[in-house]
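# Working through the structure, step by step
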Amino acid sequence: LSTALQALTLLWAVGGPVAGVGLLCASFVGDIAVTAIASTEIIAGIDFPNVIAPASIPTPIVYAQIINLTSLVALRAWESYENRNESA
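Here is a short report on the structure shown in this document. (Residues numbered from 1 in each chain as written. Predicted model: local features only at pLDDT ≥ 70, side-chain atom pairs only at ≥ 80, totals over all residues. Heavy atoms only, no water.)

### A closer look at the environment of F48
Structurally, F48 can be placed in the loop between helix 2 (28–46) and helix 3 (59–87). Residue classification places F48 among the partly exposed residues on the basis of a relative accessible area of 42%. In this structure, the C-alpha to C-alpha distance between F48 and I32, residues 16 residues apart in sequence, is 22 Å. (Helix = DSSP H or I, 4+ residues; strand = E, 2+ residues; numbered from the N terminus. Buried < 20%, exposed > 50% of the residue type's maximum accessible area, 1.4 Å probe, protein only.)

This is how it looks when you write it as structure tokens:
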């Protein structure tokens, strides 16, 4: 594997479980891991497909990660809104 593919594989192998545990524990670490993985897949899949060749990130996966990030931001915004309303 190329260096870029090795780095991407390491991100998936380490970041996936970290994201899972972080989200399970409602920790900001989960949010950071999800954001890092999704952003990397979006950027690599759209802007740098030749860097990770012969591997590829299929277009549906890129779209799913865009939705994933959008959902994460919306969820955190909703939680912040609810917390502000409860304390008011």
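### Some remarks on the side chain of Q65
Following the sequence through the fold, Q65 ends up in helix 3. Relative accessible area serves as the criterion here: at 12%, Q65 is assigned to the buried category. In this structure the side chain of Q65 is engaged in a polar contact, spanning 2.7 Å, whose partner is the side chain of E41. Excluding residues within four positions of it along the chain, Q65 makes contact with I37, A38, E41 and I42. (Polar contact = N/O pair within 3.5 Å; in protein donor to acceptor, adjacent residues only side chain to side chain. Contact = heavy atoms within 4.5 Å.)

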